Amino acid sequence: MKIAFIGLGNMGGGMAANLVKAGHDVRAFDLSEVALAQAKDNGCLTFTTAQEAVQGVEAVVSMLPNGGIVERVYTSDVIGHVPAGAVLLDCSTIDVATARKVVEAAEAAGYAMVDAPVSGGIAAANGGTLTFMVGGTDEAFGRAEPILQAMGKAVIHAGGAGTGQAAKICNNMLLGIHMIGTCEAFAMAQKLGLDPQTFYDISSVSSGQCWSMTSYCPVPGVGPQSPSDNDYQGGFATGLMLKDLKLAMEAAETAGVDTRMGRRAKEIYEAFDAAGNSTRDFSAVITEL
Ligand code: NAD
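Within every chain, residues take consecutive numbers counted from 1 along the sequence as written. Where totals are concerned, whole chains, interfaces and linings use all residues; where local detail is concerned, this predicted model gives features only for residues with pLDDT of at least 70, and gives and counts side-chain atom pairs only at 80 or more. Side-chain calculation: all heavy atoms of the structure are included, whereas hydrogens and water are not.

Assigned secondary structure in the chain consists of twelve helices and nine strands. All radius of gyration figures rest on C-alpha atoms, and the globule criterion is 2.2 Å times the number of residues raised to 0.38. Rg of the C-alpha trace for the chain: 20 Å, near the compact-globule value of 19 Å for 289 residues, within the 12% margin. Overall size of the chain, expressed as C-alpha extent along the three principal axes, is 65 × 45 × 35 Å. Exposure categories follow from relative accessible area, calculated using a 1.4 Å probe and restricted to protein chains: below 20% of the type maximum is buried, above 50% is exposed, and the middle band is partly exposed. The proportion of buried residues among the 289 residues of the chain is 50%. Within the structure as shown, the chain displays about 12900 Å² of accessible surface, and the carbon and sulfur contribution to it stands at 55%. Each charge class in the chain was averaged separately, 18 positive and 30 negative side chains, and the resulting centres sit 1 Å apart. What counts as a helix is a DSSP run of H or I of at least four residues, what counts as a strand is a run of E of at least two, and both are numbered from the N terminus. For accessible areas, the Shrake-Rupley method is used with a probe of radius 1.4 Å. Any residue's cover is judged against the shown protein chains and nothing else. Positive: Lys, Arg. Negative: Asp, Glu. His and the chain ends are not part of the count. Taken as the charge location is NZ of Lys, CZ of Arg, CG of Asp or CD of Glu.

Written as structure tokens, this is what we have:
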């Protein structure tokens, strides 16, 4: 299949390479020449504008930094330029309202479109093991699914347009909250005289057990290998967790939901990020407690 790929950064670069490996003819565009050169090495055909990259393709996949950019790229360079009948897949993490607006504009122009944000970081993007949470009509999902399968291990239909983004930010708000809770519990256990490994052995088989503890323990040397064992390098950057918490709080306000723990998690990560920790893994927040 001829597929245009827009946004070949940390995530998009590996995803486009996996589409090539699956036998697709991938036409790549990015503002960065370095990203384009890498895409070329990975077997993509590269273009200097998005409008050229989408000529004659059957599908467009995008992996871009934010909602403003996604809206601009789709309204100026994709919609009206890509052939009628193409399916459009935006895999970026953006706000629900913009995701719905872009899908509406695409549908009004006769295209099928899904919002398909991902869970999993750069390693999962490179390894083709992402989880996609997909919002869109049954027809759009049916057409997007085989393309997403080539880049991930799970593709889940969340509901109508925007529900992929809704699933992503609700999940990551919960993740931010239970990571902070896990860090507080380990910090307090230690102050109260408990060895971290002993606390882990007890809590991991008790009601306090959660993913932040048993899959991503913020204490080095405890639980399975995680970024804490690598001085909090790699993993999921604090800056990206903060981005998702901000999107979650915007959505909560629009929906009229009083997410007090989510708000507090956002404040904690905002302070941690501002203190120079933006690129450290988000579990490093334990070092501030
Ligand atoms: P990145 O900054 O590495 O990549 C974004 C790419 O988009 C860059 O190469 C940039 O040059 C390009 N770009 C920007 N504006 C453009 C435009 N107008 N036209 C074409 N290209 C343009 O970011 P990333 O880490 O790859 O993240 C991409 C998306 O994936 C974000 O929405 C992010 O929230 C989401 N995400 C990232 C991770 C992660 O671990 N990095 C995990 C899950 C989701």
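There is more to say after this.
So, about the packing of aromatic side chains. Each Phe, Tyr or Trp ring, with Trp reduced to its six-membered ring, pairs with another whose centre is within 6.5 Å; inter-plane angles below 30 degrees give stacked pairs, above 60 give edge-to-face pairs, and intermediate values give tilted ones. All chains considered together, the criterion is met by five aromatic pairs. An angle of 25° between the planes, with centres 5.0 Å apart, marks the rings of Trp 211 and Tyr 216 as stacked. Between Tyr 216 and Phe 282, the ring centres sit 5.5 Å apart and the planes meet at 45°, which makes this aromatic pair tilted. Pair noted here: Tyr 216 is in the loop between helix H10 (211-214) and helix H11 (238-255) and Phe 282 is in the segment after helix H12 (260-277), with a separation of 66 residues, a long-range link. Neither Tyr 216 nor Phe 282 differs from the other in exposure class; each is buried. In textbook terms, an aromatic cluster arises when at least three aromatic residues are bridged by ring pairs, as seen for Trp 211, Tyr 216, Phe 236, Tyr 269 and Phe 282.

Turning next to the nonpolar core. Throughout this description, the term nonpolar core refers to a set of buried Ala, Val, Leu, Ile, Met, Phe, Trp, Tyr and Cys residues connected via side-chain atoms within 4.5 Å. Core analysis: the largest hydrophobic core is formed by 36 residues, its most contacted members being Phe 5, Met 15, Phe 132 and Leu 148. If one sorts the elements of this core by residue count, helix H7 (residues 138-149) sits on top with five residues. Here, residues are in contact when the closest pair of their heavy atoms is within 4.5 Å. The residues contacting Met 15, other than those within four sequence positions of it, are Phe 5, Met 63, Cys 91, Ala 125, Leu 130, Phe 132 and Met 151. If you look at the next biggest cluster of nonpolar residues, it comprises 32 residues, including Ile 169, Phe 199, Tyr 200 and Phe 272.

With respect to burial, helix H1 (residues 12-21) is a largely interior element, nine of its ten residues being buried. Regarding H1, the residues found buried are Gly 12, Gly 13, Gly 14, Met 15, Ala 16, Ala 17, Asn 18, Leu 19 and Val 20. The inward-facing, buried residues of H1 contact strand S1 (2-6), strand S2 (25-29), strand S4 (59-62), helix H6 (122-127), strand S8 (130-135) and H7. At the exit of H1 stands Gly 23, carrying a positive phi of roughly 100°.

The rule for a residue being near a molecule or strand is that one of its heavy atoms must lie within 4 Å of it. In the region of the ligand, 23 residues are neighbours, and Asn 10, Met 11, Asp 30, Leu 64 and Lys 243 sit closest. Pairs of N or O atoms are called polar contacts if they sit within 3.5 Å, as long as, within protein, a hydrogen donor faces a hydrogen acceptor (for residues adjacent in sequence, only side-chain-to-side-chain pairs). Note that an oxygen atom of the ligand is positioned 2.8 Å from one of the backbone N or O atoms of Met 11. For the ligand, an oxygen atom lies 2.8 Å from a polar atom in the side chain of Lys 243. Contact with the protein chains removes 82% of the 840 Å² of surface that the ligand exposes when unbound. Only helix H4 (67-78) and H11 provide two or more residues apiece to the shell around the ligand. Each residue is assigned to one class: nonpolar for Ala, Val, Leu, Ile, Met, Phe, Trp, Tyr, Cys and Pro, charged for Asp, Glu, Lys and Arg, and polar for all the others, Gly among them. Broken down by class, the residue content of the shell around the ligand amounts to twelve nonpolar, eight polar and three charged. How far each domain reaches was decided by an automatic or database domain assignment. Each of domain 1 (2-160) and domain 2 (166-288) gives at least three residues to the shell around the ligand.

So yeah, pure geometry; function would need other evidence.
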